Each structure stands twice: as C-alpha cells, then as structure tokens.
Amino acid sequence: MCGIVGYSGEDEAAEKIYRGLKKLEYRGYDSAGIATAGNPTVKVEKGTGTIDEAIDSISEAEIDGNVGIGHTRWATHGGVTDENAHPHRSSSGAIAVVHNGIINNYEELKEKHLSGHDFRSETDTEVIPRLIEEKHDELEDFHRAVEAVVEMLEGSYAVVAVKDSGEMAAFKESSPLALGISDGELFLASDVTPFLEHTDKAVFLEDGDVVRIENGDYTIKNSGEEIEREVKHIDWDAEEASKEGHDHFMQKEIKEQPDTVKRAVFQDRSDVEEAIDMIEEADTVYLSGCGTSSYAADLGAKYLREAGYDVISEQSHEMEYWNDHVTEDDLVIAISQSGETADLLSMLGDVDAPVLSIVNVVGSTLARKADHTMYINAGPEIGVASTKAFTAQIAVLKLIAETAEASLKEARNSLIDTAGKIEQTLEDNEETVEEVSDYLQDQDHVYFIGRGKGFEVAKESSLKLKELSYIHSESFPGGEFKHGTIALVEDGTPVVAFMRDEGLEDIFSNAKEAESRGADIIGVGKENVGDFKYFFDIPEDENSEILEVAVFQMLSYRTAVKRGHNPDKPRNLAKSVTVK
Ligand code: M6R
C-alpha cells in the first residue's frame, strides 16, 4: 500500500515525480525516494519520513534526467529504514524499481535464483531489480528481461522499472496502476491524481499487463500478446485536489460536503434502476466494506431493510470466512472509497454472486470488477480519514433504498435538502465544537453510544476521533453499554450519546445511567432534554445522520489539531489499504 510514479518525457523527471508523489502521500508516508535514469546512469535519492524529509535536494539537480520513478512507502516487509525505502536497485545499480504490493514468493526466488546476492534491504521488492538484471544478462534485452521476471512473480504488485539506458517498463497484478498520456510525456501512477495537472487521458492497466515505454511511446502486452487498452477521459479537476486556502485537506473535504452530497445523488436514473433490479432479483443482499465504508454498509443495510429487503452487512475481512454461503442468486453490494481495499477485493474474489459496487475512485479495481458500478462522485479525497466519501456513500445508499420505496425524485430532493443544511449545522455548532475539542484534548478515553442508525453514527464518530486524535475511543449500541463497558466509567469519563428519534427515551436512559456513575455526558440531537454537559444541536431532518457525522468529523479534526497532530496523515494509517 504505497504510491508509485513513473515519468518519461522531455522535462526534468525528478521535479514531476516529486509533485506526483505529493499527491500520493496519502497512500503511505514512512519513507520516499526518486530514481532517474539515462543521464547516463541511475541516480537515487531516498530516505525515511515524508517526501519532503526524504528528498531534500530535488532542485539541486542531483537526480537529473528525463526518465524516472518515485515511491512513497507504507511499510510491509522490512522496517522503516533508509535501506528499505524504494527505489531498489539491481546489484550493479543499472536497474531501479518501485513497487506497491507484496511479492509472496520472494524468499523462494532469492533461494532459487539469487543465492549469491548480497541484499541491501529487508524488502520483498529487492528481488525484482536483481532478477531483471540477471535476465538481462541472459537475454540482452531490458523489456524481454522484464517479461521473463513477471512470469516468476507471485503476489500483488504494481511495479515500474527503469534502466540506465532510459528504458522504462511497468507491470501489475492485483495492485492499481494507471498510465497517463500527454503530448511527449508518459506517466505511470497508482492513481490518476499525480498526472491530472498534465493530462486527462489515462489507461487503467489490467492484471497481467506489461507496459514498454520507449522513445516517448508505449505498447502494452498481456499474456505475451500486444494489446490495445481503451484511453479514458478523466473529468476530475486537478484544482479539486489542492487545499484551496484551507489548513488541511480534511477541513476542506468536510466543508465540501454540501456539494459532494448533492453530487452523489445526481445519479442517472438508469443506474439507480439497475441497482434496484439487482437488489430485487437477489435472494439475499450482502453489503460489505471495511472501516468507515463498513459503517456505510451497515447504514445501507438499515435503509434497505426499511425498504423491505433481506439484507446482511458484514465487514469484508470477516465475510471472507463464510462467503461460500453466498450464491449466484444473491447480490453483494461492495462499498469502498478507493476501490482498492485488499480485504474487500479478496472477499469478492471467491464470491459467485453478482457485485454492485459503490465507489469513488474512477477506474479502480473494484469499479472494473463489479457487474454494475455507481460512482459516488465525491472527487479526490486526500485526507487519509474518510469524510466526504462517507456522507456520499450513505447518500447513494439511501437514494437507492428510498427510490425503491418511493421515487427517485422524492429521494433525491430529501437528500438535497439535507445537503443544504450541512453548512449551517457546522456553523451553528462551531462554538460547541471548540468547547468540546478543548475539553476532549485532555481526555484519555471517550465512549460513544447510539441506538438504531445512531449506532452507526457512534461507530463512525468514534473511529474518526481515535484515528485522528489518538484518544482511545469506543462505540456501543446504547443498550449494550450497561452490559459490561459501563464498568469503565469513572468520574469525568466522557460519554457521547446520539439522541435520535429512534429509541429516544431509551438512549436518554443509557446516557443517564452513565452520568449517575460519574460520566460527563455529551448529547447530540434536536433538543437538550436533559442535563448534558455539552450539547450539539442538529436540526430536524429526514437524513440527520449526515448532519451528525459532519459535526463529529469537525470535532475530531479540531481535537487532532489542538493535540498537535496532522489530521491529513494520521500515524500508522494509509488512505488505501491494499494489503490484507
Ligand atoms: O477505500 P475504502 O473505503 O475501501 O477504505 C476502507 C477503510 O480502509 C477506510 O474507510 C478507513 O477506515 C479510514 N481510515 C477511515 O477514515
């Protein structure tokens, strides 16, 4: 789960790769590096930390040349060290490689083919440049050597390799890789954001593709045969991926939600109808995702159950253990911002049922694998924590459920109405967000409780708070809290209760039970009906979960900033989790 970039053109490669890597930093930021080739050798600069920490001499022409590769790493095999940072070189140093994914058989390859080699790193990746060099010595052709090595690799990978001659090759299996095509320039990247400012033309490479880049041109082979892949037009605006005056991408993305929720519900009627047909035809509908997307799946299950369908929601990594119960007469609705989450893709790999995907990243693996895809159209989400993607996911799920129950027009209007209230709700709660984030920043533990859909809001709010502020936080159904966890409540323990209409009296009792054991209770709802220490006011709304979540995204953001953390890059996390 790393970000990779390749460039071949007429400009300084390092400069373009650096800018591209900055766009991919959300995929991992343990270490980074750039290698250029063809002028006349391979030059590498790399190290631990963020891209700026790792590469401090881009402008000093230490790594000049018009062909190059870059990498930003989220460590899997091998710790966070300079040696383990990519790019990795062959033994002579003439070939350099960047890799996203895992080479499962790297130990076997080392033993069988590279026994005399003195490896510089602990990574699985280093076998790739070394094998390419071995094959090159034998075949005397870089591209044929690459093709031969692809045959030897097992695992998931997106790889870009360069040779001192300036030749470049790329190949992929189960990890994303896109080729950007501009006048006189070619880009390779884990997603389209690194090259959007240069071109809107992209080819989404498929598993087994091997790309040869030479003299400003490219060819693609798959299973040894040269093939054509469709060049797609990407209509994401490069500006959308910049901060636009906000301190952090996360802040910008929270504030974009009035637009992104609206955009999410402007789905083509035919797409919504196709989704409903798939649901109607299914014996059982399964919803699945991971992390925040799994909470969207849980909410989606509640919406669809209210619309009268048989629905089960399960996180993908757990569903994998029983997905043999899912038959071709069922349906899986797969939910993911990135469309690259390994746990979800792996679970789907064994499933016979048709797949409806609800996804953000255009051309992602999930979007391409699904039988029908509905894009949530949230635009690039750069902050590692999911914000606008989550509200767009739940808006699309609710649109489907309510269209099935009533009409597309009614469903759309109701959600557009909610989108119109987000900005005002954030404004109305600004003071409380400041007070509560001041209070929370010194806390060690926080508990969130909710009933009905309030439980999903509690789960997402708790995840947001813990992943950004590193305050320990847990969420529970209001009814469950008293069955054990309440034992942890002491004087001054914060307990947040989502006071929604569903089970209002009961959740109020649960908050009071905590309060009578010393908790500081914080309420969220239409009206402060009790003695809550703090209360977030949410207007009456059919889709109030969207408003509640937006307020808690902002609270988590402010708490993280006050505790001195960078909310765009929480520690140990990556935007797109492409390992199991
Ligand atoms: O790209 P996906 O939606 O499939 O990602 C799923 C999770 O990894 C993601 O939501 C994660 O939980 C985020 N840290 C949430 O902020």
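Since the model is a prediction, treat every value here as computed from it, not as a measurement. (Residues numbered from 1 in each chain as written. Predicted model: local features only at pLDDT ≥ 70, side-chain atom pairs only at ≥ 80, totals over all residues. Heavy atoms only, no water.)

A closer look at the domain arrangement of the protein chain
Turning to step 1, where the next piece is worked out: Taken domain by domain, the protein chain comprises domain 1 (3-238), domain 2 (243-413) and domain 3 (429-562).
Turning to step 2, where the next piece is worked out: Using C-alpha coordinates to define each centre, domain 1 is positioned 31 Å away from domain 2.
Turning to step 3, where the next piece is worked out: At the junction of the two partners, domain 1 supplies 10 residues and domain 2 supplies 11 residues.
Turning to step 4, where the next piece is worked out: Buried surface at the junction of domain 1 and domain 2, summed over both partners, amounts to about 1000 Å²; 66% is from carbon and sulfur atoms.
Turning to step 5, where the next piece is worked out: Broken down residue by residue, the surface that domain 1 buries against domain 2 is led by Y26, F204 and W236, which jointly contribute 49%.
Turning to step 6, where the next piece is worked out: At the boundary of domain 1 and domain 2, one finds 1 salt bridge.
Turning to step 7, where the next piece is worked out: Measuring nitrogen to oxygen at the nearest pair gives 3.5 Å for the salt bridge that ties R368 to E206. (Domains from an automatic or database assignment. Contact = heavy atoms within 4.5 Å. Buried area = accessible area lost by both parts, 1.4 Å probe. Salt bridge = Lys/Arg side-chain N within 4 Å of Asp/Glu carboxyl O.)

Looking at the packing of helix α8 (residues 269-281) against helix α13 (residues 388-405)
Turning to step 1, where the next piece is worked out: Two elements in contact, α8 and α13, have axes whose closest approach is 10 Å; the angle formed by their N-to-C orientations is 75 degrees. Considering their axes alone, α8 and α13 lie roughly perpendicular with respect to each other. On α13, the residues touching V272, A275, I276 and I279 of α8 are L399, I400, T403 and A404.
Turning to step 2, where the next piece is worked out: Its residues placed into classes, the contact of α8 with α13 shows 7 nonpolar, 1 polar and no charged. (Axes fitted to C-alpha atoms, helices over the stretch in contact; angles between N-to-C directions. Helix = DSSP H or I, 4+ residues; strand = E, 2+ residues; numbered from the N terminus. Parallel < 35°, antiparallel > 145°, perpendicular 65-115°, else oblique. Nonpolar A, V, L, I, M, F, W, Y, C, P; charged D, E, K, R; others polar.)

Considering the nonpolar core
Turning to step 1, where the next piece is worked out: L287, I333, F536 and F552 are the most contacted members of the largest nonpolar core, which has 77 residues in total.
Turning to step 2, where the next piece is worked out: Taken domain by domain, the makeup of this core includes at least three residues from each of domain 2 (243-413) and domain 3 (429-562).
Turning to step 3, where the next piece is worked out: Residues contacting I333, with those up to four places away along its chain left out, are I279, V285, Y286, L287, S288, L304, L356 and I358.
Turning to step 4, where the next piece is worked out: Membership of the second largest hydrophobic core comes to 28 residues, among which are Y18, A32, A54 and F204. (Core = buried A, V, L, I, M, F, W, Y, C linked by side-chain atoms within 4.5 Å. Buried < 20%, exposed > 50% of the residue type's maximum accessible area, 1.4 Å probe, protein only.)

Side note on the site of the ligand
Turning to step 1, where the next piece is worked out: Of all residues adjacent to the ligand, which total 13 residues, the nearest are S293, S336, S338, T341 and E467.
Turning to step 2, where the next piece is worked out: A distance of 2.6 Å separates an oxygen atom of the ligand from a polar side-chain atom of S338.
Turning to step 3, where the next piece is worked out: One of the side-chain N or O atoms of T341 is found 2.5 Å from an oxygen atom in the ligand.
Turning to step 4, where the next piece is worked out: In the complex, 91% of the free accessible area of the ligand, which totals 410 Å², lies under the protein chains.
Turning to step 5, where the next piece is worked out: Where the shell around the ligand is concerned, the elements lending two or more residues are α9 (292-306) and α16 (453-469).
Turning to step 6, where the next piece is worked out: For the shell around the ligand, the per-class residue count stands at 3 nonpolar, 8 polar and 2 charged. (Near = heavy atom within 4 Å. Polar contact = N/O pair within 3.5 Å; in protein donor to acceptor, adjacent residues only side chain to side chain. Areas by Shrake-Rupley, 256 points an atom, 1.4 Å probe, with all protein chains shown as cover.)

Considerations on the side chain of S316
Turning to step 1, where the next piece is worked out: As for its placement among the helices and strands, S316 is situated in helix α10 (residues 316-319).
Turning to step 2, where the next piece is worked out: Overall, the relative accessible area of 0% leaves S316 in the buried class.

Side note on the sheet that holds strand β2 (residues 31-37)
Turning to step 1, where the next piece is worked out: In spatial order, the strands read β3-β2-β4-β1-β10-β9-β11-β15; together these 8 strands make up an open sheet with antiparallel pairing. Where the open sheet ends on each side, the last strands, each with one partner, are β3 (43-48) and β15 (232-233).
Turning to step 2, where the next piece is worked out: Pairing geometry for β2 and β3, over 6 bridges, is antiparallel. Each bridged residue has a counterpart across the sheet, and for S31 the counterpart in β3 is T48.
Turning to step 3, where the next piece is worked out: Across the sheet, helix α1 (residues 13-24) touches β1 (3-8), β2, β4 (67-73) and β10 (185-189), and the angle it forms with β1 is around 155 degrees. (Pairing = 2+ DSSP bridges.)

Structural notes on the sheet that holds strand β18 (residues 331-336)
Turning to step 1, where the next piece is worked out: In space, the 5 strands of this open sheet follow the order β17-β16-β18-β19-β20, with parallel pairing throughout. A single partner strand is all that each edge strand has here, and the edge strands are β17 (311-313) and β20 (372-375). Shown here is a sheet whose adjacent strand axes are inclined to one another by a mean of 20 degrees, direction ignored.
Turning to step 2, where the next piece is worked out: Bridge count for strand β19 (residues 355-359) against β20 is 4 bridges, and the pairing is parallel. Among the inter-strand pairings, V359 is bridged to a residue of β20, identified as Y375.
Turning to step 3, where the next piece is worked out: This element, α9, spans β16 (285-288), β17 and β18 of the sheet and lies at about 165 degrees to β17.
Turning to step 4, where the next piece is worked out: Together, β16, β18 and β19 form the strand contacts of helix α11 (residues 342-349), whose direction differs from that of β18 by roughly 165 degrees.

Considering the packing of helix α3 (residues 106-113) against helix α4 (residues 127-139)
Turning to step 1, where the next piece is worked out: Contact geometry for α3 and α4: axes closest at 11 Å, N-to-C directions at 35 degrees. As for how α3 packs across α4, the hand of that crossing is left-handed. Listed contacts from α4 to Y106, L109, K110 and H113 of α3 are V127, L131 and E134. (Left-handed = near helix turned anticlockwise from the far one by under 90°.)

Notes on the packing of aromatic side chains
Turning to step 1, where the next piece is worked out: The tally for this structure, following the rule as stated, stands at 14 aromatic pairs.
Turning to step 2, where the next piece is worked out: Considering the side-chain rings of F448 and F552, the 5.9 Å spacing of their centres and the 80 degrees angle between planes classify their relative orientation as edge-to-face. One end of the pair, F448, is in strand β21 (residues 445-450); the other, F552, is in helix α19 (residues 544-562), with 104 residues separating them in the sequence. For the pair shown, F448 and F552 are each scored as buried.
Turning to step 3, where the next piece is worked out: Taken together through their ring pairs, the aromatic side chains of F448, F498, F536 and F552 make up a single cluster.
Turning to step 4, where the next piece is worked out: Over the aromatic face of F119 sits the side chain of R130, whose NZ or CZ is 4.7 Å from the ring centroid.
Turning to step 5, where the next piece is worked out: The ring of Y470 has R571 lying over it, and the distance from NZ or CZ to the ring centre is 3.9 Å. (Phe/Tyr/Trp six-rings, centres within 6.5 Å; stacked < 30°, edge-to-face > 60°. Lys NZ or Arg CZ within 6 Å of the ring centre and 35° of its normal.)

Structural notes on unusual backbone geometry
Turning to step 1, where the next piece is worked out: Across the junction of H86 and P87, the peptide omega takes the value 0 degrees, indicating a cis bond.
Turning to step 2, where the next piece is worked out: Mapped onto the secondary structure, P87 falls in the loop between β4 and β5 (88-89).
Turning to step 3, where the next piece is worked out: Here S174, not a glycine, exhibits a phi torsion of approximately 60 degrees, which is positive.
Turning to step 4, where the next piece is worked out: Relative to the elements of secondary structure, S174 occurs in the loop between β8 (168-173) and β9 (178-182).
Turning to step 5, where the next piece is worked out: The exposure class assigned to S174 is partly exposed, which follows from its relative accessible area of 37%.
Turning to step 6, where the next piece is worked out: Not every positive phi belongs to a glycine, and N572 is a case in point at roughly 65 degrees.
Turning to step 7, where the next piece is worked out: Along the chain, N572 turns up in the segment after α19.
Turning to step 8, where the next piece is worked out: Owing to a relative accessible area of 63%, N572 belongs among the exposed residues under this scheme.

Brief notes about helix α14 (residues 408-428)
Turning to step 1, where the next piece is worked out: The terminal C-alpha atoms of α14, which comprises 21 residues, lie 30 Å apart, in line with the 30 Å expected from a rise of 1.5 Å per residue.
Turning to step 2, where the next piece is worked out: In α14, a bend of some 35 degrees at I422 exceeds every other bend along the element.
Turning to step 3, where the next piece is worked out: Residues L408, A411, R412, S414, L415, T418, A419, I422, T425 and L426 constitute the buried set of α14. (Expected span 1.5 Å × (residues − 1). Bend = angle between axes of the 7 residues up to and from the residue.)

Points about the environment of I416
Turning to step 1, where the next piece is worked out: Of note, I416 is situated in helix α14.
Turning to step 2, where the next piece is worked out: Residues I416 and V261, spaced 155 residues apart in sequence, show a C-alpha to C-alpha distance of 7.3 Å.

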